[in-house]
Amino acid sequence: AAVVSGYGVLPGVRTQRPHAYHRGLSGQLRETAAASACFFVPITTIDTFVRKNVPHQPITFIKVDVQGYEFAVCKGMEQTLAHNPGAVIALEYCPNAISQLGFEPDELLSWWTSRGYTASTLCRNGTSTTGIVADLSKDGYADLLFSRAQ
């Protein structure tokens, strides 16, 4: 199953990249995908997954790597975040991938800020720096950590 902000099925497309790299099919990708490469995946939310599988366990870390669907996934974890205010969230932020799926990259960052989270960039040398400091040119991305001050 895939995790986003709703329920049902998500159309996807197999890509020519490594075997684990598949993309949700929406936005610009829907117009260019070959029908033979399409498939459907059941979807749920992090809130539902947590409620059904670990309802009384504290959540301290969530990793999100969903090739552009980050905003949809984040909107589906609001209850989990509210019940676990100390949780740290890691996600791959690639504005181009987010835009291709019809989302606005800046809305994702604003969503976190409006909930009291601060972004830090995970650097390739293993350190982190407050803010977004990576090259985000056409296909650039940054590994981000979102956390609240304790």
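The next thing to look at is the packing of aromatic side chains. What characterises a pair of aromatic rings is the spacing of the ring centres plus the angle enclosed by the ring planes. Tallied over the full model, the rule gives five aromatic pairs. Measuring from ring centre to ring centre gives 5.7 Å for Y69 and F103, while their planes differ by 70°; the resulting arrangement is edge-to-face. Here Y69 is found in the loop between β5 (61-64) and α3 (70-75), whereas its partner F103 is found in the loop between α5 (95-100) and α6 (105-114), with 34 residues between them in sequence. Accessibility assignment for this pair places Y69 and F103 in one class, buried. Ring geometry for F71 versus W111: centroids 6.5 Å apart, planes at 80°, classification edge-to-face.

We now examine the sheet that holds strand β8 (residues 128-130). Sheet architecture is open: five strands sit in the order β5-β6-β9-β7-β8, paired in mixed fashion. Both edges of this open sheet fall to β5 and β8, since each of them pairs with a single strand only. Taking each pair of neighbouring strands and ignoring which way they run, the sheet shows an average axis angle of 25°. In this sheet, strand β9 (residues 142-147) lies alongside strand β7 (residues 118-122) in antiparallel orientation, the contact comprising five bridges. Across the sheet, T118 pairs through a bridge with S147, a residue of β9. In this fold α6 packs onto β6 (88-93) and β9, with an angle of close to 170° to the strand it touches most, β6.

Take the environment of Q79 next. By the secondary structure assignment, Q79 is in helix α4 (residues 78-83). The exposure class of Q79 is partly exposed, given its relative accessible area of 45%. Sequence-wise, Q79 and V50 are 29 residues apart; in three dimensions their C-alpha atoms are separated by 9.6 Å. The contacts of Q79, once residues within four sequence positions are left out, are D47 and R51.

All right, on to the nonpolar core then. Within the largest apolar cluster, 28 residues are counted, with the highest numbers of intra-cluster contacts made by M77, I89, W112 and F146. When contributions to this core are tallied by element, the ones reaching two or more residues are α2 (46-53), β5, α3, β6, α6 and β9.

A regular strand places its side chains so that they alternate between the two faces of the sheet. Extensive coverage of β6 is indicated by the burial of five of its six residues. Pairing of β6 with β9, which is carried by five bridges, proceeds in the antiparallel orientation. In the sheet register, A90 faces β9, and the bridge partner there is L145.

With that out of the way, let us pick up the pattern of salt bridges. Counted under the stated rule, the structure contains three salt bridges. A salt bridge links K63 to D65, with the nearest nitrogen and oxygen atoms 3.8 Å apart. Among the ionic pairs, E78 bridges to R115, the shortest N-O distance being 3.2 Å. Placement of the pair is E78 in helix α4 and R115 in the loop between α6 and β7, with a sequence separation of 37 residues. For R115, a relative accessible area of 26% puts it in the partly exposed group.

Mean pLDDT for the protein chain: 80, with 71% of residues reaching 70 or above. Across the protein chain, element-level confidence peaks in α4 with a mean pLDDT of 96 and bottoms out in strand β3 (residues 22-24) with 50.

In this model, Q67 sits at a positive phi of 55°, which is unusual for a non-glycine residue. Relative to the assigned elements, Q67 resides in the loop between β5 and α3.

Reading the values: rules and limits
- Residue positions are given per chain, counting from 1 as you read along its sequence in written order.
- Totals for whole chains, interfaces and linings use all residues, but because this is a predicted model, local features are given only for residues with pLDDT of at least 70 and pairs of side-chain atoms are given and counted only at 80 or more.
- Calculation of side-chain values draws on the structure's entire complement of heavy atoms; hydrogens and water are dropped beforehand.
- Note on aromatic contacts: the rings of Phe and Tyr and the six-membered ring of Trp form a pair at centre separations within 6.5 Å, being stacked when their planes are under 30 degrees apart, edge-to-face when over 60 apart, and tilted otherwise.
- Only DSSP runs of H or I reaching four residues or more are called helices, and only runs of E reaching two or more are called strands; each is numbered from the N terminus.
- Partly exposed describes any residue whose relative accessible area lies between the buried limit of under 20% and the exposed limit of over 50%, with all areas from a 1.4 Å probe on protein chains only and scaled to the type maximum.
- For two strands to be treated as a pair, DSSP must find no fewer than two bridges joining them.
- The convention used is that axes are lines fitted to C-alpha atoms, helices contributing only their stretch in contact, and that angles between N-to-C directions extend from 0 to 180 degrees.
- Any two residues whose heavy atoms approach within 4.5 Å are treated as being in contact.
- Remark: nonpolar core denotes a set of buried residues (Ala, Val, Leu, Ile, Met, Phe, Trp, Tyr, Cys) joined through side-chain atoms within 4.5 Å.
- Salt bridges are identified by distance alone: a Lys or Arg side-chain nitrogen within 4 Å of an Asp or Glu carboxyl oxygen.
- Here pLDDT means the predictor's own confidence in every residue, given as a number from 0 to 100.

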